[in-house]
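Letter by letter, the chains look like this.
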Amino acid sequence: MFEKGKLPKRGNLGQEKDFTVSAQSLIKIKDDTSDDVPKKATKGSRLTAGTSNEHAIDVDGMDDSVVRTGKGTKPSSRVSYKNADLPDGAHRNNTWKGVVLPTLLKYMGTRINPWTISDREFLSILQRVWTLAYGDDLKYNIEINDSVHGLASQRVYEWRNMFGTTAIRVFEMFFKTFNGGRDYSDLRSRKKFGQGVMIDAAVLYKTPGVKKHKGLYRSDFVIASLNVHLEAIEGALNVPGLYEQPLDAYPYGAVGLAAAAACRAAMLYGTGKIAYSQPKDKVVILKPINVLSGKESKETDFSVTNYGDATKKAAARCQSLPWKKMQAVYQDAVGFRATSVPYASNPGDNMAIDIDFANLDDDNNNNNDDN
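Our subject in this report is the structure included herewith. (Residues numbered from 1 in each chain as written. Predicted model: local features only at pLDDT ≥ 70, side-chain atom pairs only at ≥ 80, totals over all residues. Heavy atoms only, no water.)

**A closer look at the overall build of the protein chain**
Broken down by element type, the protein chain carries eight helices and six strands. Its helices and strands taken in sequence order, the protein chain reads β-β-α-α-α-α-β-β-α-α-β-β-α-α from the N to the C terminus. Here the protein chain holds 371 residues, and 54% of them are scored as buried. As displayed, the protein chain has an accessible area near 17,300 Å², and 47% of this comes from carbon and sulfur atoms. (Helix = DSSP H or I, 4+ residues; strand = E, 2+ residues; numbered from the N terminus. Buried < 20%, exposed > 50% of the residue type's maximum accessible area, 1.4 Å probe, protein only. Areas by Shrake-Rupley, 256 points an atom, 1.4 Å probe, with all protein chains shown as cover.)

Encoded structure:
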């Protein structure tokens, strides 16, 4: 246990996991088919380029490039930035990847709405983090659409995308490891499972039951993504004055993203929108074609349009949990170890994609913190 408002250190993850889900410093998450890029930032606009147009999950690595709308050019013009474009000295002592990005992502993960942020606030936070991280060794005034702003925006984009990708990975690992992979060896059984875990939002609970679920936001399908988030923010600095209260630093937004991503993954399997490519057997998300436009539908994307509202509601529900419940969620993520929980596998009348997060039971009547 730890005192209210004080969260434990993440610890040495990876040694006691049944399987490993790693952020790979976030940079290894790749979406081969996505042509979404951060939009040109203008005063009062929102950074909403958080879409995952993934046909297949590919974590074989990506270069450090990021595309942005060129300053003073038409919206269609794009300029590519790489880590090498950062100011000289930015990578010294791994400060950019090991300190600046973790601190920025930690802040984004605390927001009830981690999908959108005004340019003014994003730039202000990024500047404060930069100044604290580099001090007098590297003074730099960040501007909208410069290399620092552009790369930071892209890393936030990749961070959100990571939740959608990780959720599907965890489902895949569950199918392959539960009962030796015998119970969910084909698309039909996996579809049935996806339908089953959406009953009364069972996918979000540590211990789903026939009459009552227990452990809101503590299922492996949620905790795994939160664990990867905690890995990504290792090395984050304590920025003076950034959080008014200790509890403001709790990862509400990260929990919201993890919950929304878990629901999306269950929906994809439950509605038959998951397939597998040959011969590499990669997960493919089937995208229907719009009859009128002839273009691929974006209804399956992990985006602010599709899951922004669910994320905010899930984050707000987390914020309303009793402190012990919030504490339990965090501790589960810190010491994440995948389990094989016998989730419900039969579809029912209560299966719903639009979950009423505000009224999800937190099993508050049960005083056993292990449930």
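Let us keep going from here.
**Looking at the pattern of salt bridges**
Counted according to the given criterion, the structure contains seven salt bridges. Glu 158 is the partner of Arg 155 in a salt bridge, and the nearest nitrogen-oxygen pair spans 2.8 Å. On the criterion of helical spacing, the pair formed by Arg 155 and Glu 158 is a turn pair, its members being three residues apart in helix α3 (residues 147-177). Across the pair, exposure class does not vary: Arg 155 and Glu 158 are buried alike. (Salt bridge = Lys/Arg side-chain N within 4 Å of Asp/Glu carboxyl O.)

**Thoughts on the environment of Leu 230**
Of note, Leu 230 is situated in helix α5 (residues 220-232). For Leu 230, a relative accessible area of 3% translates into the label buried. Sequence separation of Leu 230 and Val 334 is 104 residues, and the distance between their C-alpha atoms is 7.3 Å.

**Let's talk about the side chain of Ser 147**
With respect to the secondary-structure elements, Ser 147 resides in helix α3. You can call Ser 147 buried: its relative accessible area is 8%. Engagement of the side chain of Ser 147 in a polar contact is seen with the backbone oxygen of Asp 85, the distance being 3.1 Å. Sequence-distant contacts of Ser 147, defined by excluding residues within four places in its chain, comprise Tyr 81, Asp 85, Leu 86 and Pro 87. (Polar contact = N/O pair within 3.5 Å; in protein donor to acceptor, adjacent residues only side chain to side chain. Contact = heavy atoms within 4.5 Å.)

**Considering unusual backbone geometry**
Even without a glycine there, the phi angle at Asn 93 is positive, about 60 degrees. Following the sequence through the fold, Asn 93 ends up in the loop between β2 (78-81) and α1 (95-110). For Tyr 217, which is not a glycine, the phi torsion comes out positive at approximately 70 degrees. Note that Tyr 217 resides in the loop between β4 (214-216) and α5. Judged by relative accessible area, which is 0%, Tyr 217 ranks as buried.

**Concerning the nonpolar core**
Membership of the largest hydrophobic core comes to 93 residues, with the highest contact counts inside it found for Trp 96, Phe 171, Val 203, Leu 204, Tyr 217 and Phe 357. Looking at this core, the element that brings in the most residues is helix α6 (residues 252-270), giving 15 residues. (Core = buried A, V, L, I, M, F, W, Y, C linked by side-chain atoms within 4.5 Å.)

**A short note on the packing of α3 against helix α4 (residues 187-197)**
Two elements in contact, α3 and α4, have axes separated by 12 Å at closest approach and are oriented at 120 degrees. It follows that α3 is oblique to α4 by the angle criterion. You can see that α3 and α4 cross each other, and the crossing is right-handed. Taken together, the residues of α4 that come into contact with α3 (itself represented by Phe 171, Glu 172, Phe 174, Phe 175 and Lys 176) are Arg 190, Phe 193 and Val 197. When the residues that make up the contact of α3 with α4 are grouped by side-chain class, the tally is five nonpolar, no polar and three charged. (Axes fitted to C-alpha atoms, helices over the stretch in contact; angles between N-to-C directions. Parallel < 35°, antiparallel > 145°, perpendicular 65-115°, else oblique. Left-handed = near helix turned anticlockwise from the far one by under 90°. Nonpolar A, V, L, I, M, F, W, Y, C, P; charged D, E, K, R; others polar.)

**A few points about α3**
Residues three or four positions apart in an α-helix share a direction because the helix packs 3.6 residues into each turn. With 31 residues, α3 extends 43 Å between its outermost C-alpha atoms, agreeing within 8% with the 45 Å of an ideal straight helix rising 1.5 Å per residue. Judged by how many residues are buried, α3 sits mostly within the fold: 27 of 31 residues are covered. Measuring from the backbone nitrogen of Val 148 back to the side-chain oxygen at the start of α3 gives 3.2 Å, which picks out Asp 146 as the cap. Asn 179 lies just past α3 and shows a positive phi near 55 degrees. (Expected span 1.5 Å × (residues − 1).)

**Side note on the packing of aromatic side chains**
What the rule picks out here adds up to 24 aromatic pairs. Ring centres of Phe 174 and Phe 178 lie 5.1 Å apart, and the angle between their planes is 20 degrees; this geometry places the pair in the stacked category. Considered together, Phe 174 and Phe 178 belong to a single accessibility category, that of buried residues. (Phe/Tyr/Trp six-rings, centres within 6.5 Å; stacked < 30°, edge-to-face > 60°.)

**A word on the packing of α6 against helix α7 (residues 304-320)**
The interhelical angle for the contact between α6 and α7, taken along N-to-C directions, is 130 degrees, at an axis separation of 7 Å. One way to sum up the angle between α6 and α7 is to call them oblique. As for the relative orientation of α6 and α7, their crossing is right-handed in sense. The residues of α7 that touch α6, namely those facing Tyr 252, Gly 253, Val 255, Gly 256, Leu 257, Ala 259, Ala 260, Arg 264 and Met 267, are Tyr 307, Ala 310, Thr 311, Ala 314, Ala 315, Cys 318 and Gln 319. Here the contact of α6 with α7 is composed, by residue class, of eleven nonpolar, four polar and one charged.

**As for the environment of Tyr 276**
Mapped onto the secondary structure, Tyr 276 falls in strand β5 (residues 274-276). With near-sequence residues (within four places) excluded, Tyr 276 lies in contact with Glu 172, Leu 187, Arg 190, Tyr 269, Asp 281, Lys 282, Val 283 and Val 284. At 2.5 Å, the side chain of Tyr 276 and the side chain of Arg 190 are in polar contact.

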